[in-house]
Amino acid sequence: MTMSNILKKLRNYNKSNYNQFEFCITFAVLLMTAMMSIAQMPIVQLVFPVGGDSRKQLYLILSVSIIGCVVFSLYAASLFLRNKTKEIGVMLALGTVKKDLIKPLNKEIISIVLKCGVIGVVLGEIVTFIIWQGFSQFIVNKEYTVFSISVRGMLWGVIFDLIIGLLIVVMSTRTIKKADVISIIKAQNTREKVGEVSKKHLVIGMILIVSGIFFGFLLPKIIIYTFDKKAPGILNAIMLLSVVGAYMVIEYAVIYHKKGKNPKKYYKNLVSYGMIKFEGKQNIRNMLVVSVLCAVSIFAASYISNVSSSVVSAGKSNPYEFVIYRPLVSLELNKNDIEELANKSSVTIKDYKEIEFTCLSASGVERDYDDNGNVVENYKKDHSTSEFISQSEYEKITGEKVNVEKGKYIRIVHKDESENFFTRYDDMDYIEDKNSKQGMKLSFQGTIANEYMLTNNCENRYILNDKDYKKIASKVGNSNKVQQIIFNTANEEKSYEFAENVYVEFLKRADKEMANPNTMYDEGAIESMGLEGTTIELNQDNPDLMGYWKWYPSIKTYDVKNFAQSVAVYFLVFSFISVICLAASAIMLYSRSISVASRNKDVFEDLEKLGANKKYVRKCLKQQISKLFTVPAILGVTLSMLLTGIMFVMNDGMISEAEAIAYSIDSLIFIAVLIFIFIVYKYSLNKCKKILDIEK
């Protein structure tokens, strides 16, 4: 009988191991292909602007997901090779030389990985198509949602498959070189035990987790504000303290068992404790990876709640359903037009007000980092165009008393808004009417919170002393003034039809100047996107207007009804990444639990021979498997809760109303993840019982 025939028979005998390995590699390539194909979609690239915080967070989570796929694949390979050592041992016992085994084994692995790669890439594109077709229903602009096969996404899948294949070949070569018959026999009955741990282990671990996350966010801010210097990238490594802390917490949860005040319980579970410690480091490493994947999954899913909560919070804090922002001299909607549309929809208008703002050139400071990481501040006298209202007019519209001192200004801000590194409220110290060249020096007095005085994409608004306002605005023409119309409706059941009609009519009447690209993008973006000399597509199917267009009207009823469309891309990308990490976690936990049952089958059988009934054996199994699931699940949820909470606080030194709403939504995500892990646990436990024949 030839070597190939012997290997073939051994493969048939160990078929389940091969099937599991092929499934895991195919699944990993599928996820990688689908994930990167979706990330390359035109609308995804558009919604996550280059250089924006959302794009950075997308890349961060994508990077972690890629690492997760790599770890998942290598974990599957390690399980495969561990079982493969039995075949290697048989061949060595038959007298086969190691170097003669390397080539056929690597050839076999390469063929499996390549086959899985082809299937994974094809299935990845099919999954992308199915997912995209579902989500495209929420994005009505079909120009952005036409599906096309992503060459880049497929290329990512191919590269991933080749890299994984190369790593597995290296692993298999090392396995054969280190293998001998005696060590293989011993390997079946030896484990990587860990030493004793104490309660200090738990305390130190928890301190490291909190410190890693806290200082990972805090130190860069301290360096920026104290030394006017960008924090070096190496400081991100501080976050690794959290990983070390998580490892110590898991080690404590797995290993620490003392008699305590209930020695009877300790002795009753002594066998189970010993088996858990016997598995030692293998279980701990597995649980650590699963904890991180669970945390990333929840963090990715929570990004969706963060986006949605801002819409919900804005709706609650703004007492007006309609906030329409328009140039004063445009042919846009006026009171008569709005009342005419209201009559057609049988809607009654109430609380109608018109607010006029004067547009002036304002000074400011541009902040950035140079190549050495130093903060560079560039003061500009004509930094931006800002909008101003007089103290008396503000009091008339809002009914709020405000006292603006002469030569000073008050900035209008959102309820939960605060300063950040790039924008500081006292940056402005000079304003000017560009036409008359009349200017005025000013200083910062304070802020006042008012939601309806601000619009989605125009937030540089200030209140001036009446005398100062009259002096600077007296010669400003209507072409440099804007009007904001605010009102409510009395017929909520018919308000959506009216809201849609208002929005459509507003877009229809917008003139060429309102459709200029500079009302959506800055100069750099216009140039890079090739939009010079073009106009924006002003129709209700364009999903970009809400996020970027300066004149986008805030219509509460319409925005809430179309919320799914506005966040569909965010939901698509981050929910998919969340599912990837959660699926990888589930498969790793399932594989590990099956491995624990299979590797300890002899031990469980010996317990029965020593007189233990099936109920006791089931209890021992349950204690081991439950720990595999509960510890990483709870730790992963805790890590994500801690990370989200600290991130909220570090953003602006407080937890805003929107962030509080997001946190409550995140709580539902935490519960959903725990329920999912519990379902996988029950399924895995039943499978393990079948393996050990202790179902009843």
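Residues numbered from 1 in each chain as written. Predicted model: local features only at pLDDT ≥ 70, side-chain atom pairs only at ≥ 80, totals over all residues. Heavy atoms only, no water.

Chemist: I would appreciate a short explanation of the overall build of the protein chain in the present structure.
Modeler: Within the protein chain, the regular secondary structure consists of 25 helices and 10 strands. Among the 696 residues that make up the protein chain, the fraction classed as buried is 50%. Considering only intrachain contacts with a sequence separation of at least 6, the fraction spanning at least 24 residues in the protein chain is 82%. Carbon and sulfur atoms provide 59% of the accessible area of the protein chain, an area that totals close to 33,700 Å². (Helix = DSSP H or I, 4+ residues; strand = E, 2+ residues; numbered from the N terminus. Buried < 20%, exposed > 50% of the residue type's maximum accessible area, 1.4 Å probe, protein only. Contact = heavy atoms within 4.5 Å. Areas by Shrake-Rupley, 256 points an atom, 1.4 Å probe, with all protein chains shown as cover.)

Chemist: What am I meant to see in the pattern of salt bridges here?
Modeler: Counted by the stated rule, this structure contains 13 salt bridges. Where Asp-337 meets Arg-509, a salt bridge forms, and the shortest distance between an N and an O atom there is 2.8 Å. One end of the pair, Asp-337, is in helix H14 (residues 335-344); the other, Arg-509, is in helix H17 (residues 495-509), with 172 residues separating them in the sequence. Arg-509 gets classed as partly exposed once you look at its relative accessible area, which sits at 29%. With a closest N to O distance of 3.5 Å, Glu-356 and Lys-481 form a salt bridge. Highlighted residues: Glu-356 in strand E2 (residues 349-369) and Lys-481 in strand E9 (residues 481-489), separated in sequence by 125 residues. Within the structure, one salt-bridge network assembled from shared partners comprises Asp-337, Glu-505, Lys-508 and Arg-509. (Salt bridge = Lys/Arg side-chain N within 4 Å of Asp/Glu carboxyl O.)

Chemist: In this structure, what is going on with the side chain of Ser-578? I would like to understand it.
Modeler: Relative to the helices and strands, Ser-578 resides in helix H22 (residues 568-599). A distance of 2.8 Å separates the side chain of Ser-578 from the backbone oxygen of Ser-297, its partner in a polar contact. If we ignore the near neighbours within four places in the chain, the residues touching Ser-578 are Ser-297, Ala-300 and Ala-301. (Polar contact = N/O pair within 3.5 Å; in protein donor to acceptor, adjacent residues only side chain to side chain.)

Chemist: Just to check I follow, could you spell out the environment of His-257 for this structure?
Modeler: Mapped onto the elements, His-257 comes out in the loop between helix H10 (240-255) and helix H11 (263-268). His-257 sits in the buried class, given a relative accessible area of 16%. Spatially, the C-alpha atoms of His-257 and Glu-196 are 9.5 Å apart, while their sequence positions differ by 61 residues.

Chemist: Teacher, can you tell me more about the pairing of E2 here?
Modeler: The two faces of a sheet get side chains in turn, since along a regular strand they alternate between them. Of the pairings in the sheet, the one linking E2 to E9 comprises 8 bridges and is antiparallel in character. In the sheet register, Phe-357 faces E9, and the bridge partner there is Val-482. As defined by bridge partners, E2 adjoins strand E3 (residues 375-390) across 11 bridges and the pair is classed as antiparallel. When the sheet's bridge partners are listed, Ser-361 is paired in E3 with Thr-385. Between E2 and E3, which pair antiparallel one after the other, the connecting turn spans 5 residues, and Gly-373 there sits at a positive phi close to 85 degrees. Taken together, the 2 bridges between E2 and strand E5 (residues 430-433) define a ladder with antiparallel strand orientation. By the bridge assignment for E5, Ala-362 is matched with Ile-431. (Pairing = 2+ DSSP bridges.)

Chemist: Would you explain the pairing of strand E1 (residues 322-327) in this entry?
Modeler: Burial analysis of E1 places 6 of its 6 residues in the buried class, which makes it a mostly covered element. Burial of the side chains of E1 extends over both faces: Phe-322, Ile-324 and Arg-326 are buried on one face and Val-323, Tyr-325 and Pro-327 on the other. Where E1 and strand E10 (residues 554-555) come together, 2 bridges link them in antiparallel fashion. Counterpart to Val-323 in the pairing with E10 is Ser-554.

Chemist: Please clarify how a nonpolar patch on the surface should be interpreted in this entry.
Modeler: A grouping of Val-118, Ile-119, Val-122, Leu-123, Ile-126, Phe-129 and Ile-130 is seen on the molecular surface, where their side chains present a nonpolar patch of about 600 Å² in accessible area. Along the chain, Ile-130 turns up in helix H5 (residues 98-135). Ile-130 gets classed as exposed once you look at its relative accessible area, which sits at 55%. (Patch = residues over 30% accessible without salt bridge, like charges linked within 9 Å, V, L, I, M, F, W, Y side chains within 5 Å.)

Chemist: In this structure, what is going on with the packing of H14 against H17? I would like to understand it.
Modeler: Helix packing geometry: the angle between the two helix axes and the distance between the axes. Close contact between H14 and H17 brings their axes to 10 Å; oriented N to C, the two are set at 140 degrees. Taken together, the axes of H14 and H17 lie oblique to each other. The crossing of H14 and H17 is right-handed. On H17, the residues that touch Asp-337, Ile-338, Leu-341 and Ala-342 of H14 are Phe-498, Asn-501, Val-502, Glu-505 and Arg-509. Residues that form the contact of H14 with H17 fall into these classes: 5 nonpolar, 1 polar and 3 charged. (Axes fitted to C-alpha atoms, helices over the stretch in contact; angles between N-to-C directions. Parallel < 35°, antiparallel > 145°, perpendicular 65-115°, else oblique. Left-handed = near helix turned anticlockwise from the far one by under 90°. Nonpolar A, V, L, I, M, F, W, Y, C, P; charged D, E, K, R; others polar.)

Chemist: Which parts of the structure should I look at to understand the packing of helix H2 (residues 15-39) against helix H7 (residues 151-178)?
Modeler: For the pair H2 and H7, interaxial distance at closest approach is 7 Å and the crossing angle is 145 degrees. Crossing handedness for the pair H2 and H7: right-handed. Of H7, the residues touching H2 (which contributes Phe-21, Ile-25, Ala-28, Val-29, Met-32, Thr-33, Met-36 and Ser-37) are Gly-153, Met-154, Trp-156, Gly-157, Phe-160, Asp-161, Ile-164 and Ile-168. Residue composition of the contact of H2 with H7, grouped by class: 11 nonpolar, 4 polar and 1 charged.

Chemist: Honestly, the packing of aromatic side chains in this entry has me stumped. Any pointers?
Modeler: The geometry of an aromatic ring pair is captured by the separation of the ring centres together with the interplanar angle, meaning the angle of the planes. Here the structure, examined in full by the defined rule, presents 19 aromatic pairs. With centroids separated by 4.3 Å and ring planes inclined at 15 degrees, the aromatic side chains of Phe-21 and Phe-80 adopt a geometry described as stacked. Taken together, the positions of Phe-21 in helix H2 and Phe-80 in helix H4 (residues 53-93) put the pair 59 residues apart, joining distant regions of the chain. As far as the burial class goes, Phe-21 and Phe-80 line up, both buried. For the ring pair Phe-506 and Trp-549, a centre distance of 6.0 Å and an interplane angle of 65 degrees mean the geometry is edge-to-face. Of this pair, Phe-506 sits in helix H17 while Trp-549 sits in the loop between helix H19 (545-548) and E10, and the two are 43 residues apart along the sequence. Neither residue differs from the other here; Phe-506 and Trp-549 are each classed as buried. Site record: aromatic cluster; members linked through ring pairs are Phe-388, Tyr-409, Tyr-425, Phe-444 and Tyr-462. Across the ring face of Tyr-430, the terminal group of Lys-381 is positioned such that the distance to the ring centre comes to 4.5 Å. (Phe/Tyr/Trp six-rings, centres within 6.5 Å; stacked < 30°, edge-to-face > 60°. Lys NZ or Arg CZ within 6 Å of the ring centre and 35° of its normal.)

Chemist: What am I meant to see in H17 here?
Modeler: Note on helix geometry: an α-helix contains 3.6 residues per turn, so any two residues three or four positions apart are oriented the same way. For H17, built from 15 residues, the straight-helix expectation of 21 Å at 1.5 Å per residue is met to within 8% by its first-to-last C-alpha distance of 21 Å. Among the residues making up H17, those that are buried are Ser-495, Phe-498, Ala-499, Val-502, Tyr-503, Glu-505, Phe-506 and Leu-507. (Expected span 1.5 Å × (residues − 1).)

Chemist: So what exactly am I meant to see when it comes to unusual backbone geometry here?
Modeler: A negative phi angle characterises most non-glycine residues, just as the trans form characterises most peptide bonds. The backbone of Ser-346 shows a phi angle near 55 degrees, a positive value even though the residue is not glycine. As for its placement among the helices and strands, Ser-346 is situated in the loop between H14 and E2. Of the residues examined, Ser-346 reaches a relative accessible area of 42% and is grouped as partly exposed.

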